[in-house]
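# Per-entry structural report
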Number of protein chains: 2
Amino acid sequence: MPLRLSDLFLRTLRDNPADAEVASHQLLVRAGYIRRAAPGVYSWLPLGIKVLRKLEAIVREEMDRIGAQEIHLPALLPKEPYEASGRWEDYGDNIFRLQDRKGADYLLAPTHEELFTLLVKDFYTSYKDLPVSLYQIQTKYRDEARPRAGLLRGREFIMKDSYSFCLSEEDQRAAYDAHRAAYLRIFERLGLEVVPVDAVSGAMGGSASEEFLFPSSVGEDTFVESDGGYRANVEAVTTVVPAAIDHSDLPPAEVHHTPGTNTIETLVAAANENHARADRAWTAADTLKNVVIAVVMPDGERRVAVIAVPGDRDVDLKRVEATVGEHLGAAGEVTVEAATSEDLESHPLLVRGYIGPGLELEHPVLGAEGATGIPYLVDPRVVSGTSWITGANHRDQHVFGLVAGRDFTWDGVIESVVVKEGDPAPDGSGPLRTRRGIELGHIFHLGKRYAEALGLQVLDVNGKLATVTMGSYGFGVTRVLAAIAEANNDERGLVWPGSIAPADVHVVATGKDPAIGEAAETLVAALEVEGISVMFDDRPKVSPGVKFSDAELLGVPTLVVVGRGLADGMIELKDRRSGEAEQVPVDGAVTAIVERVSSLR
Amino acid sequence: MPLRLSDLFLRTLRDNPADAEVASHQLLVRAGYIRRAAPGVYSWLPLGIKVLRKLEAIVREEMDRIGAQEIHLPALLPKEPYEASGRWEDYGDNIFRLQDRKGADYLLAPTHEELFTLLVKDFYTSYKDLPVSLYQIQTKYRDEARPRAGLLRGREFIMKDSYSFCLSEEDQRAAYDAHRAAYLRIFERLGLEVVPVDAVSGAMGGSASEEFLFPSSVGEDTFVESDGGYRANVEAVTTVVPAAIDHSDLPPAEVHHTPGTNTIETLVAAANENHARADRAWTAADTLKNVVIAVVMPDGERRVAVIAVPGDRDVDLKRVEATVGEHLGAAGEVTVEAATSEDLESHPLLVRGYIGPGLELEHPVLGAEGATGIPYLVDPRVVSGTSWITGANHRDQHVFGLVAGRDFTWDGVIESVVVKEGDPAPDGSGPLRTRRGIELGHIFHLGKRYAEALGLQVLDVNGKLATVTMGSYGFGVTRVLAAIAEANNDERGLVWPGSIAPADVHVVATGKDPAIGEAAETLVAALEVEGISVMFDDRPKVSPGVKFSDAELLGVPTLVVVGRGLADGMIELKDRRSGEAEQVPVDGAVTAIVERVSSLR
């Protein structure tokens, strides 16, 4: 049956909703695909659900093709498995928690590693049962601090998540590669140019992972790429570490009075004015910036740490958060914040604006033997033999020529700085460019973290219990739909790719001649017989102008106009994307439309 | 691709799970279709999800056929619309409530009247837009006090719910009838013999409704039927009201000392012993039983009421709950409980075991002018002129020959008694039989309750604002699946109807001859080409006995055995339901199987 606009539950809007800032959000609401029900929570209207189901079908086909088996787990889950994995705590405010009438704790699952692991544990006991990959397409929940951009960051959303269970690393690698290939096929079928980038795994606790990013200025992720083909999320970029420098001939460090230089900018200016060197001017890259951070440990304890980076770099707290826990011996997730005045006051040896890794070498303030006991972590560029201008831990004093490895030590090396345009790619493939992107998928080698936490072991070929290795593969179904809308629109509305359009063609009947209405009905019926899905604007009292502008807003790829040309035996086929129109004889119209639709699907 | 048991994520269980008491629960778990994740919360495994999706597709087809349009609303919803309709309070402990990180109240929706109403209000403004019917197939949540019987009463479950919006009663009647017909078609396609019965609408606040019950001893609903075709939920049965009796010749009432008669049984015995009448013995039906109840009003106030019924009948508090609120002027849902000692103590005129509607006629304790002010509601059988033995409101005293309408009055008439086998059908179609059933669907004329509460009005044909009339139609998808399993099983396992079986045929290869395996593979490939879906037991090291018992447990309707007969060019087709087997030549096997499957689908 055609989608008749005379009946369809639809209202198109002329204006963008007040809360919508990105094109996909604006257009999906204006064209009546979705509607806001609460912050980050959307209703799917008739056209929206059609597009969504088509997208899900493509995902399902490609998951089935790689032998993954579909199941469906509850969204409402008891606390216990998440407590066993440590994520009940780790998620903090980011999940919805609730209690049932008996006071038992539940959550609305944001992802399902624990339940899949327990299910395989329940069912399988032997290496002969493995490998197995399972997936679901399911509603997920996250209590986002800032839901935004419509479907791009919601609190109730649909994901495809799969999990692979293997006994060998080779099998796990094969399952990962199969998912990677499936994702690339899905994006190809959707006509979406998505780039896989190296990623850090963050909260998931994995050992290797890639994100699938759709490059877009409205994306929340930043990634880098080089001409030589290197691509990574900025959080995953590693620094090209310079070789250590022989420091045996370097002069000793000297302390200088540097009044009013509690910023890098004023410090560099003062250095050039009062302590100029012969060969070249001092720059921010010659200074060592010591950034105090506060780390909230898994048990709630607040600890202070200092991160030292070259003065021309900024610290990215999100990157720090990903790995600083390891340096501090944390058992789970940590949160990182900028240090407050209270944090600093509790360590009076640290003088704000003049912090450094210690001048009096027998009593350093910071560093492996530092008097404060504060962990001191440095950027990979701070290699042995590099010489720095840095704080002397006294107001209005800096030390010049402080040499790493000679005059100060550190507790660890950490990737923490904001990656900059022009930084070298770690694989030597040239300078990096930075771009914004929307994360549409994320695939992980999880390793044994969940299998160990939940006791998933099977008998190996020698009859011994072995812990299973896992992979986890997320695909944001509703977010992908939004990304498709971001990628396919113009000033007049949406332009769906044929693979997920709500209909193959949009037939518009214009004019009051009853012969036009009849010809349109005949054409629609003939198209449906051929398996062409039709949206049919049969509204009797709506002007051609409104019908055309609605058709352009709704975004069906091919517009078929039955109107004035009919008197000459012609109808018009119009391509929504290019706007190109073609007159075809009524008699051959079905064949012409079938051909065009087949090429677009 | 066939479902190969060598790969399928499946483990069949020999024994029933400890918590499973009904056949559908036992077998769906044992055959690996579902698995418990929490009380009343289930995971769907590969075979389960296949059956579920087929069932959903049938529901979707029949809803589309009647012109209902599919949408999909969130499960996580803000409090406000439910507060406007009064259901945020009404649901009490029966819904899951939660708060987001900002402390805003949310619920997991048990049903969606409010949101559908608001959506139509958002989109439509004119009578020209109506009627419209919208539906969704969606996960619902209810915090059941006693989740039980697997999928039959869960806390997370799938429902199809639809809503119709009309401006005239005729249109609303047509939408109701269309849904009724669609439900009957769905049940017919599923081979499920379901009976529609009259129902009271309870918490939904409607004016007329029917339930679709599947007769089953494990059902929680009781319905009645007569030979003449009357069918109703017991809660909806109305009493056949006797004609009023002329009481002008009746003797005056007399009080008798009746020590130790605070039960109907002891009262009747004492009456026959000490106050025997000439024509026949006193029975419980001659006494008037006055039952004290406590009604918790919508605002939390606890009120006491008395319900009078013939002494041979029991009061059903659930029936009372459905309508007592109206008598007490309640603005919303009320809860009814048996009265406690405290309730009685607060009304010293009521003497437990000896309560009656007043002896001293100028100062009645109960009734329209009663001194206690307690609402006094009577069974429809208590018509004017009926004469009763009842309490005299003094310890050890009863009054004999107290005549309704002469000696006492009442505040209202209420349907409150437990319907009994043999009661007359209200339509005169004969005595009633009682049966148990599982409620699979429920259709309501909702009237204007939600439209009024949420302000859904459109311009009528005269350009005046008119409030919309609604219908609500529920269909328990996962519960229907369980009912199908209840209706289709034997001691060996499940027996799926062809319309929703996880596969059309189950091919079993037995024996170690490689020719058998090859022939089975060839057959499976040929069947798939013909569009027959195949479950294929290709497990190399599993005995024929285990393969056959698994096949019977899993319940695919047709079993195809490729085994010893192959030497003679024959394979076996076996009907899972009847057990009848047929030998067919390998060469004609595909044709024979296609024919059989077509007849079963």
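Residues numbered from 1 in each chain as written. Chains lettered and ligands numbered in written order. Predicted model: local features only at pLDDT ≥ 70, side-chain atom pairs only at ≥ 80, totals over all residues. Heavy atoms only, no water.

This part covers the sheet that holds strand β28 (residues 505–509) of chain A. Residue and element names in this part refer to chain A. In space, the 6 strands of this open sheet follow the order β1-β29-β28-β30-β31-β32, with mixed pairing throughout. The two strands at the open ends of the sheet, each matched to only one other strand, are β1 (3–4) and β32 (581–585). Across 4 bridges, the pairing between strand β30 (residues 558–562) and strand β31 (residues 570–575) is antiparallel. Residue pairing in the sheet places V561 in a bridge with E572 of β31. With respect to the sheet, helix α14 (residues 589–600) is in contact with β28, β30, β31 and β32, its orientation differing from that of β31 by roughly 10°. (Pairing = 2+ DSSP bridges. Helix = DSSP H or I, 4+ residues; strand = E, 2+ residues; numbered from the N terminus. Contact = heavy atoms within 4.5 Å. Axes fitted to C-alpha atoms, helices over the stretch in contact; angles between N-to-C directions.)

In this complex, chain A contributes 55 residues to the contact, which on the side of chain B involves 55 residues. Between chain A and chain B lies a buried interface of about 4800 Å² when both sides are counted; carbon and sulfur atoms form 59% of it. If you sort the residues of chain A by the area they bury against chain B, F9(A), R101(A) and F123(A) come out on top, with a joint share of 18%. At the surface where chain A touches chain B, the tally comes to 6 salt bridges. Put simply, chain A and chain B have 24 residue pairs in polar contact (both at pLDDT 80 or more) between them. When its residues are assigned to classes, the side of chain A that touches chain B shows 33 nonpolar, 5 polar and 17 charged. (Buried area = accessible area lost by both parts, 1.4 Å probe. Salt bridge = Lys/Arg side-chain N within 4 Å of Asp/Glu carboxyl O. Polar contact = N/O pair within 3.5 Å; in protein donor to acceptor, adjacent residues only side chain to side chain. Nonpolar A, V, L, I, M, F, W, Y, C, P; charged D, E, K, R; others polar.)

Moving on, we get to the packing of helix α2 (residues 46–65) of chain B against helix α6 (residues 169–189) of chain B. All names here are of chain B. At their nearest, the axes of α2 and α6 sit 9 Å apart, and the two run at 150° to each other. Taken as axis vectors, α2 and α6 run roughly antiparallel relative to one another. As for the relative orientation of α2 and α6, their crossing is right-handed in sense. Between α2 and α6, the contacting residues are I58, V59, E61, E62, M63 and R65 on the first element and H179, A182, Y183, R185, I186 and R189 on the second. Among the residues forming the contact of α2 with α6, the class breakdown is 6 nonpolar, 1 polar and 5 charged. (Parallel < 35°, antiparallel > 145°, perpendicular 65-115°, else oblique. Left-handed = near helix turned anticlockwise from the far one by under 90°.)

To continue, consider the packing of aromatic side chains. For the coordinates displayed, the defined rule picks out 22 aromatic pairs over all chains. Plain terms: the ring middles of F9(A) and Y124(B) are 5.2 Å apart, the flat faces sit at 80° to each other, and that makes the pair edge-to-face. Separated into two different chains, F9(A) in the loop between β1 and α1 (23–30) and Y124(B) in the loop between α5 (113–123) and β8 (132–141) make up a pair that spans both. Neither F9(A) nor Y124(B) differs from the other in exposure class; each is buried. Residues Y183(B) and F475(B) carry aromatic rings whose centres are separated by 5.4 Å and whose planes lie at 75° to one another, so their mutual orientation is edge-to-face. Pair noted here: Y183(B) is in helix α6 and F475(B) is in strand β25 (residues 469–476), with a separation of 292 residues, a long-range link. Each member of the pair, Y183(B) as well as F475(B), carries the same accessibility label: buried. (Phe/Tyr/Trp six-rings, centres within 6.5 Å; stacked < 30°, edge-to-face > 60°. Buried < 20%, exposed > 50% of the residue type's maximum accessible area, 1.4 Å probe, protein only.)

Any empty space left between the atoms is revealed when a probe the size of a water molecule rolls over them. For the coordinates displayed, the defined rule picks out 5 cavities of 30 Å³ or more. Computed from the structure, the largest cavity encloses a volume of approximately 110 Å³. What lines the largest cavity is simply H72(A), G40(B), Y42(B), W44(B), T139(B), G150(B), L151(B), G154(B), E156(B), F157(B), I158(B) and T478(B). Within the residue set of the lining of the largest cavity, elements represented by two or more residues are β3 (41–44) and β9 (156–166) of chain B. (1 Å grid on protein atoms, 1.4 Å probe; cavity = no way out; pocket = protein on both sides within 12 Å on 5 of 7 lines; lining within 4 Å. Points joined across faces, edges and corners; volume = space filled by probe spheres on them.)

What the domain assignment lists for chain A is domain 1 (46–237 + 434–486), domain 2 (254–413) and domain 3 (503–600). Relative to domain 3 of chain A, the C-alpha centre of domain 2 of chain A lies at a distance of 68 Å. (Domains from an automatic or database assignment.)

Let's shift gears to the relation of the copies chain A and chain B. Under the fitted operation, chain A is carried onto chain B by 0.0 Å of movement along the axis and a turn of 180°, and the coordinates agree to an RMSD of 0.3 Å. The superposition operator between the copies reduces to a two-fold rotation axis. No C-alpha of chain A approaches the rotation axis more nearly than that of L98(A), which lies at 2.8 Å. Interface overlap between copies: 100% of the residues of chain A at the interface are likewise at the interface in chain B, consistent with a symmetric, same-surface contact. (Least-squares fit on C-alpha atoms with pLDDT ≥ 70 in both.)

On a regular strand, one side chain projects to one face of the sheet and the next to the other, so that they alternate. Residues and elements named next belong to chain B. Side-chain alternation along strand β6 (residues 96–99) places F96 and L98 on a buried face and R97 and Q99 on a face that remains uncovered. Pairing between β6 and strand β7 (residues 105–108): 4 bridges, direction antiparallel. Among the inter-strand pairings, L98 is bridged to a residue of β7, identified as Y106. The hairpin turn running from β6 into β7, its antiparallel successor, is 5 residues long, and G103 in that turn takes a positive phi close to 85°.

Residues and elements named next belong to chain B. For V195, the location among the structural elements is in strand β10 (residues 195–199). Taking relative accessible area as the criterion, V195 reaches 10% and is therefore assigned buried. Separated by 19 residues in sequence, V195 and F214 have C-alpha atoms that sit 6.3 Å apart. Among all residues touching V195, those that are not within four sequence positions of it are E211, F212, L213, P215, F223 and R231.

All names here are of chain A. Considering every residue of chain A, the mean pLDDT works out to 92; 98% of them sit at 70 or more. Below a pLDDT of 50 lies the segment residues 201–206, which in the model reaches 19 contacts outside its immediate sequence neighbourhood of four places, other chains included. The complex prediction reports pTM at 0.86, with the ipTM value standing at 0.86. (pLDDT = per-residue confidence, 0-100.)

On to helix α8 (residues 317–327) of chain A. All names here are of chain A. Along α8, the residues classified as buried are R319, V320, V324 and G325. For α8, the secondary structure elements touched by its buried residues are β15 (288–296), β16 (302–310), β17 (335–338) and β18 (376–378). Of the residues that open α8, the one with a side-chain oxygen 2.9 Å from the backbone nitrogen of K318 is D316. Just beyond α8, the residue with positive phi is G329, at close to 70°.

Residues and elements named next belong to chain A. The amide bond that connects L130 to the next residue, P131, takes the cis arrangement and shows omega of -5°. The backbone phi angle of N393 is positive, close to 65°, even though this residue is not glycine. Mapped onto the fold, N393 is located in the loop between β19 (387–391) and β20 (397–403).

With that settled, consider the packing of helix α1 (residues 23–30) of chain B against helix α11 (residues 477–487) of chain B. Residues and elements named next belong to chain B. Orientation of α1 relative to α11, taken along the N-to-C sense of each, is 95°, at an axis distance of 8 Å. Considering the angle they form, α1 stands roughly perpendicular to α11. Between α1, through A23, S24 and L28, and α11, the contact on the second element is made entirely by L481, A482, A485 and E486. Residues of the contact of α1 with α11, tallied by class, amount to 5 nonpolar, 1 polar and 1 charged.

This part is about the side chain of H112(A). Residues and elements named next belong to chain A. Looking at the element boundaries, H112 is found in the loop between β7 (105–108) and α5 (113–123). Residue classification places H112 among the buried positions, given a relative accessible area of 0%. Within the structure, H112 has its side chain in polar contact with the backbone oxygen of P74 (distance 2.8 Å). Of the polar contacts made by the side chain of H112, one reaches the side chain of Q136; its length is 3.1 Å. Setting aside anything within four residues of it in sequence, one finds H112 in contact with L73, P74, L77, Y82, Q136, Q138, K140, D161 and Y163.

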